[in-house]
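# Structural overview
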Amino acid sequence: MFGKKARKVTIYTSFVLFGLFLLVLCQTACLSSFGGSPSGTRLERMKTSKMFHDGKFENDPFVPMLSSGDYIGVLKRQFFGSEVRIPPAPIPVQKPDLKTFSDPVLPGLRAIWFGHSSVLVEIDGIRIFTDPVFSGKVSPFESIGPGRLFPLPLEISELPNIDAVVISHDHYDHLDMSVAQFLAKKGTKYFVPLGIGAHLESWGIPENQIIELDWWEKGNIKNIEIVCTPAVHYSGRGIFNGKSTLWSSWSLIGPKHKFFHSGDTGYSPHFTEIGKKLGPFDLTSIKVGAYDWTWEGIHMNPESAVQAHLDLKGKTMLPVHWATFNLAIHSWDEPILRTKQGADQNGVRLATPKPGEWLDLQKDLISESWWEKVK
């Protein structure tokens, strides 16, 4: 009898010790990644936003996180679906020649897709990075969460000087703590929607390198106007802080060129509004992947992405947010297949560079269907 009780105590003690170990691990590995909570003057400013209601940000009109439907079916598809969500062969990644990065930055408009929503843009002499994420996993943990499906074109230490970063929202696949800390030490400025400055400051980024904006507010880097524009999404890095910071798209307006970055968003009239006020755009970076019919209100599908490009009066469309992390219930290449079909049907000029390949609008369009060779 005593032996059984002793074994039970030992088992319970082991569970407690293991739990404490996880807690300590989380304290060091993930709690800092959760970021900070807006307070003081930052919170007071957030309260003045027309998107802030009852202590949090909300889409207007309201958009449900999930559409009503067969949620048991969703779970079945998530865990037992037949979709090929992982590329069956290596995705071709092209490492850019470091000599192609000049200082000062050349005029014109060119970009490199690093994967997911990370696009390095050179526009009219300024270098800007959208939603740069270099982590191998997109989660608070270093070893748990959706992993990268292809290697980065460049290591973070190989990056050229970055004048500014624009962040669409604070989810882990769009805001990378380690990248922010690295680039801040190089003098890079961070343009973020309201509230996200609390995360950056908690990570040690100086206040004078953080430009926090509401929708339609503007900042600038030299001759480039950086406009925080609307999106339909949500936010939150922790367990209990959903919608505590604002989400956005971004419009970069230069003296000769214009670039649009959608971030994560559902389809809505905001694209037409942005197109009328700020378009036409020479290049649009539009999310086409990570969608499902049950949450298309906050993650539009590829056909809607093509329509968004048209609404924006875009000239060339760069599809992003696909093939990099397994985040949704569809095959890895379905987003680009549907986007390509929609672009062809609507006469959209679609650019499809490999990860790491320069897309230069002063040169011939890159339209290779490279994903067809990933077999």
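This report concerns the structure included in the present document. Residue numbers run consecutively from 1 along every chain, following the written order of its sequence. Given that the model is predicted, a residue must reach a pLDDT of at least 70 before its local features are reported, and side-chain atom pairs must reach 80 or more before they are shown or counted; all residues, however, enter totals for whole chains, interfaces and linings. As a rule here, side-chain values cover all heavy atoms of the structure and leave hydrogens and water aside.

## Some points on the sheet that holds strand E4 (residues 118-123)
For clarity, the cut-off: Should DSSP find at least two bridges between two strands, the strands are taken to pair. Helix numbering and strand numbering both begin at the N terminus, where a helix is a DSSP run of H or I of at least 4 residues and a strand a DSSP run of E of at least 2. The convention used is that axes are lines fitted to C-alpha atoms, helices contributing only their stretch in contact, and that angles between N-to-C directions extend from 0 to 180 degrees.
Pairing is mixed in the open sheet, where 7 strands are placed in the order E8-E7-E6-E5-E4-E3-E15. Whereas interior strands pair on both sides, the edge strands pair on one side only; in this sheet they are strand E8 (210-213) and strand E15 (358-360). Strand after strand, the sheet turns through a mean of 20 degrees between neighbouring axes, direction not considered.

## Quick notes on the layout of surface pockets
We apply this condition: Site definitions follow a grid-based scheme: protein atoms alone, a 1 Å grid, a 1.4 Å probe that fits but cannot get out for cavities, and for pockets an open set with protein on both sides within 12 Å along at least five of seven lines, plus lining residues having an atom within 4 Å of a point. Grid points are joined across faces, edges and corners, and a volume is the space filled by probe spheres set on the points. Residues are grouped as follows: Ala, Val, Leu, Ile, Met, Phe, Trp, Tyr, Cys and Pro are nonpolar; Asp, Glu, Lys and Arg are charged; every other residue, Gly included, is polar.
Reported here for the largest pocket is a volume of approximately 650 Å³. Lining the largest pocket are 23 residues, with His171, Tyr234, Trp295, His299 and Leu327 sitting closest to its centre. For the lining of the largest pocket, the residue count by class is 14 nonpolar, 7 polar and 2 charged.

## Description of the pairing of strand E5 (residues 126-130)
When a strand is regular, its side chains alternate between the sheet's two faces. Rules: Summary of the burial criterion: residues with accessible area below 20% of their type's maximum are buried, those above 50% are exposed, and those between are partly exposed, where the area comes from a 1.4 Å probe applied to protein chains only.
Counting buried positions along E5 yields 5 of 5 residues, so the element is predominantly enclosed. Burial along E5 is two-sided: Ile126, Ile128 and Thr130 facing one way and Arg127 and Phe129 facing the other are all buried. Note that E4 and E5 share 5 bridges and pair antiparallel. Bridge pairing in E5 places Leu120 opposite Phe129.

## Remarks on the pairing of strand E12 (residues 258-261)
Two strands pair when backbone bridges link them, and strand E11 (residues 249-253) and E12 are joined in this way by 4 bridges, in the antiparallel orientation. Counted as the bridge partner of Ile253 is Lys258 from E12. Two successive antiparallel strands, E11 and E12, enclose a turn made up of 4 residues.

## Details of the side chain of Asn241
Tracing the backbone through its elements, the reader meets Asn241 in the loop between strand E10 (224-229) and E11. Classification of Asn241 as buried rests on a relative accessible area of 18%.

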